[in-house]
Number of protein chains: 2
Amino acid sequence: MPQSIIISLDAMGGDAGPEMVVPGAALALERRPDIRFVLYGDKARLEPLVAAHPALVNAAKIVHTDVVVRMDDKPSQALRQGRGKSSMWKAIDAVKTGEANVCVSAGNTGALMAMSKFCLRMMADIERPAIAAIWPTTRGESIVLDVGATVGADSDQLVSFAVMGAAMSRALFGIERPTVGLLNVGVEEIKGVEEVRTAARLLKEANLAELDYVGFVEGDDIGKGTVDVVVTEGFAGNIALKTAEGTAKQIAAYLRQAMSRTWLAKLGYILAKSAFDRLREKMDPRKVNGGVFLGLNGVVIKSHGGTDAEGFAAAIELGYEMVRNDLQSRIARGVSLYQRAGLDAELTAEQGEEQ
Amino acid sequence: MPQSIIISLDAMGGDAGPEMVVPGAALALERRPDIRFVLYGDKARLEPLVAAHPALVNAAKIVHTDVVVRMDDKPSQALRQGRGKSSMWKAIDAVKTGEANVCVSAGNTGALMAMSKFCLRMMADIERPAIAAIWPTTRGESIVLDVGATVGADSDQLVSFAVMGAAMSRALFGIERPTVGLLNVGVEEIKGVEEVRTAARLLKEANLAELDYVGFVEGDDIGKGTVDVVVTEGFAGNIALKTAEGTAKQIAAYLRQAMSRTWLAKLGYILAKSAFDRLREKMDPRKVNGGVFLGLNGVVIKSHGGTDAEGFAAAIELGYEMVRNDLQSRIARGVSLYQRAGLDAELTAEQGEEQ
């Protein structure tokens, strides 16, 4: 049997807290029996919840913490009050000390990112972190980053997002040379904000073996699955992600309304129920729950705060896959290859000048 | 009978050109018999098309032009080759000279915007144009701007977009004091790029009678219809629009697949057909076809290039409504009220200092 993957959980995070986290851990364990958990949180609340899942009792260790980062705490506030002692901090710190391989939290994104940066620090040669989302497409699944960590990323940062996203695509989907596109707008005249244009040039020049840069993509290319990895700065990426979620909910509401309007429609709905169930499953946001924090010295997974046990289990399994498939060393390798490519290009240019 | 609305059409624009434009004009005329058209384009091609619609013969004048702006022309190229003589330029120029009240084109967006700016120039006290889109929501319809004209708008420009969007909401939907939100990202720490934050302060301070500024909104608020007018700079707005379009198409594809998978699903689909038709109609992008160019000395409507006659008719009718309900003077009034509010605020501040 391969070595266990140890996952630290911020057991107090999320709208529903331990009552959602513990059953989520139990679900993930059923499917990945080689997970071991360290749960950080209120021991008195956690113990009976864990005891309800016999398999979990043997696979989980509870570490008591008193302080909870609330869903509406500001990042600065969370750092001030929760550093060193909150369940969120402890879960992240376990990755730093090596007690865990990956941390999963459904706590608030701003606090989780601030604490992760403070505790884990940036990887060598990466300036800013990114949050990567897995985006269901008509072709399968793509990776979109950054969806909210680095607003106004510059061209070098966009390039490192491309390298990290490609590493994640290899780790998660086994794609050897993922296609990568830079998100841009379609109006010719204004095509390419400066940063995006420069990033495009850098990616083209580097001509990396580990990713296939294919050019600009637009908003509607994300859902089409035109590329495996969509790269953008955090403002536009966050807006795109939320807008897509909103549109999916909106259409689901239209569909519900339409199907309950007449008796014939209701009957049709009953007959086609398995088809609707399949559609619902396709559109289920829980299935792709989990944003991956990239660029830090350790993997942290952010689950939706409002998710249920099933969704939290998906986030845990995403963390599992990231460790099992060596995300961090793939990123490190990608970054060093990119830098070597840059160095080679400079050398070639210098040799050219000398001649 | 009220005075006719005269609409100039770039009859050569769009993927399908005159064969789409002329039937579109005929459809719009059926529903709004007080429209009069001036069609700019290849007379030999247009005449037989117009002749096929008896009502249109009496309501449309054809003006021959030789030059066509192609769908893939760059804006600079279009200006160089088409200025003064292309069907697109002539249709815009008709608004400038007063021969028409509004121009509608399905030609390429970049060229149309470049020509419109060059020909019509900016309105007094407005620095940059915006493209406003009508966005179907679960509550009805909202206006989102800018969806691609001004990438990286600054805070003053965002404020003028708010004022223009509110004017359009009043003109189109008759909402006396539309609610306005600034599109932003949800992560606390990074909430508010500088420009968005400053625009929020300016809108709060101005406390305008003609719009109700309610604060920041996120991507998923657009589809919910949280506010009547969503304001953003052109990059994020364009990405949001295209992403929503992509998501809608993606879900429609899922639904088609699901409904054709089993015999039971197919039967259910047939029984619920009227419900599906209703859903399709709700999601029909043709119904809300038409981006409104705001901030210029004249109204120009951009239709989707790939639309059909029905969609083009919707763009024409949108232009009609904008003129019928005095969009331009509402914008001018909104801008001057905002400036007076700013002046008042300065005076109050000065008086405060003097005391």
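Residues numbered from 1 in each chain as written. Chains lettered and ligands numbered in written order. Predicted model: local features only at pLDDT ≥ 70, side-chain atom pairs only at ≥ 80, totals over all residues. Heavy atoms only, no water.

## A word on the interface of chain B and chain A
Each side of the interface is counted separately: chain B has 61 residues, and chain A has 61 residues. Interface area for chain B against chain A, summed over the two sides, is near 5,400 Å², with a carbon-plus-sulfur share of 72%. Among the residues chain B hides against chain A, the three largest losses belong to F235, Y254 and L271 of chain B. Together they make up 12% of the total. One can count two salt bridges joining chain B with chain A. Across the pair E218 of chain B and K242 of chain A runs a salt bridge whose closest N-O atoms are separated by 2.3 Å. Those elements that place two or more of their residues in the side of chain B that touches chain A are helix 6 (109-120), strand 5 (130-136), helix 9 (219-224), helix 10 (234-259), helix 11 (263-271) and helix 12 (273-283) of chain B. When residues of the side of chain B that touches chain A are assigned to their parent elements, the largest contribution, 20 residues, is made by helix 10 of chain B. Residues belonging to the side of chain B that touches chain A are distributed by class as follows: 34 nonpolar, 17 polar and 10 charged. (Contact = heavy atoms within 4.5 Å. Buried area = accessible area lost by both parts, 1.4 Å probe. Salt bridge = Lys/Arg side-chain N within 4 Å of Asp/Glu carboxyl O. Helix = DSSP H or I, 4+ residues; strand = E, 2+ residues; numbered from the N terminus. Nonpolar A, V, L, I, M, F, W, Y, C, P; charged D, E, K, R; others polar.)

## Quick notes on the pairing of strand 2 (residues 35-41) of chain A
Residues and elements named next belong to chain A. Counting buried positions over the seven residues of strand 2 gives six, a clear majority of the element. As paired strands, strand 1 (residues 5-10) and strand 2 are joined by six bridges and run parallel to one another. What sits directly across from L9, in strand 2, is L39. In the classification by handedness, the crossover that spans strand 1, the intervening helix 1 (residues 18-31) and the parallel strand 2 is right-handed. Pairing of strand 2 with strand 3 (residues 60-64), which is carried by five bridges, proceeds in the parallel orientation. Across the sheet, the residue bridging to F37 is A60, located in strand 3. (Buried < 20%, exposed > 50% of the residue type's maximum accessible area, 1.4 Å probe, protein only. Pairing = 2+ DSSP bridges. Right-handed = clockwise from strand over helix to strand, strands pointing away.)

## Here's the deal with the domain arrangement of chain A
Residues and elements named next belong to chain A. Here chain A is described as being made up of domain 1 (1-121 + 296-324) and domain 2 (133-257 + 326-355). On a C-alpha basis, the centroid separation for the pair domain 1 and domain 2 is 28 Å. Each partner contributes to the interface: domain 1 provides 11 residues, whereas domain 2 provides nine residues. With both chains or domains summed, domain 1 and domain 2 bury close to 710 Å², and 62% of this area falls on carbon and sulfur atoms. For domain 1, the biggest contributors to the area lost against domain 2 are V299, L318 and M322; these three give 55% of the whole. Linking domain 1 with domain 2 are zero salt bridges, by the criterion used here. Joining domain 1 to domain 2, the criterion identifies four residue pairs in polar contact (both at pLDDT 80 or more). (Domains from an automatic or database assignment. Polar contact = N/O pair within 3.5 Å; in protein donor to acceptor, adjacent residues only side chain to side chain.)

## Regarding the packing of aromatic side chains
Per the counting criterion, the structure on display carries two aromatic pairs over all chains. Just above the ring of F118 of chain A sits the side chain of R121 of chain A; from NZ or CZ to the centre is 5.1 Å. (Phe/Tyr/Trp six-rings, centres within 6.5 Å; stacked < 30°, edge-to-face > 60°. Lys NZ or Arg CZ within 6 Å of the ring centre and 35° of its normal.)

## Overview of the pairing of strand 4 (residues 102-105) of chain A
In the case of a regular strand, side chains alternate between the two sheet surfaces. Residue and element names in this part refer to chain A. Because side chains alternate across strand 4, one face comprises the buried residues V102 and V104, and the other comprises C103 and S105, equally buried. Bridge analysis of strand 4 against strand 11 (residues 299-302) gives four bridges, and the strand direction is parallel. The partner of S105 across the bridge, within strand 11, is K302.

## Quick notes on the sheet that holds strand 3 (residues 60-64) of chain B
Residues and elements named next belong to chain B. With mixed pairing, the 11 strands of this open sheet are ordered in space as 3-2-1-4-11-10-5-6-9-7-8. Single-partner strands in this sheet number two, and they are strand 3 and strand 8 (212-217). Neighbouring strand axes in the sheet, compared pairwise and without regard to direction, differ in orientation by 25° on average. Pairing of strand 6 (residues 141-145) with strand 9 (residues 229-231) involves three bridges; the strand directions are parallel. Note that in strand 9 the partner of V144 across the bridge is V230. Strands in contact with helix 1 (residues 18-31) are strand 1 (5-10) and strand 2 (35-41); relative to strand 2, the strand with the most contacts, it is inclined by about 175°. Together, strand 1, strand 2, strand 4 (102-105) and strand 11 (299-302) form the strand contacts of helix 5 (residues 87-97), whose direction differs from that of strand 1 by roughly 160°. (Axes fitted to C-alpha atoms, helices over the stretch in contact; angles between N-to-C directions.)

## Digging into the sheet that holds strand 6 (residues 141-145) of chain A
Residues and elements named next belong to chain A. Spatial ordering of the open sheet is given by 3-2-1-4-11-10-5-6-9-7-8, a layout of 11 strands whose pairing is mixed. Since the sheet does not close on itself, it has two edges, and those belong to strand 3 and strand 8 (212-217), each with one partner. Strand-to-strand twist in this sheet, taken as the mean axis angle between neighbours without regard to direction, amounts to 25°. The strands that helix 7 (residues 155-173) touches are strand 5 (130-136), strand 6, strand 7 (179-183), strand 9 (229-231) and strand 10 (291-294); relative to strand 6, the one it contacts most, it runs at about 150°.

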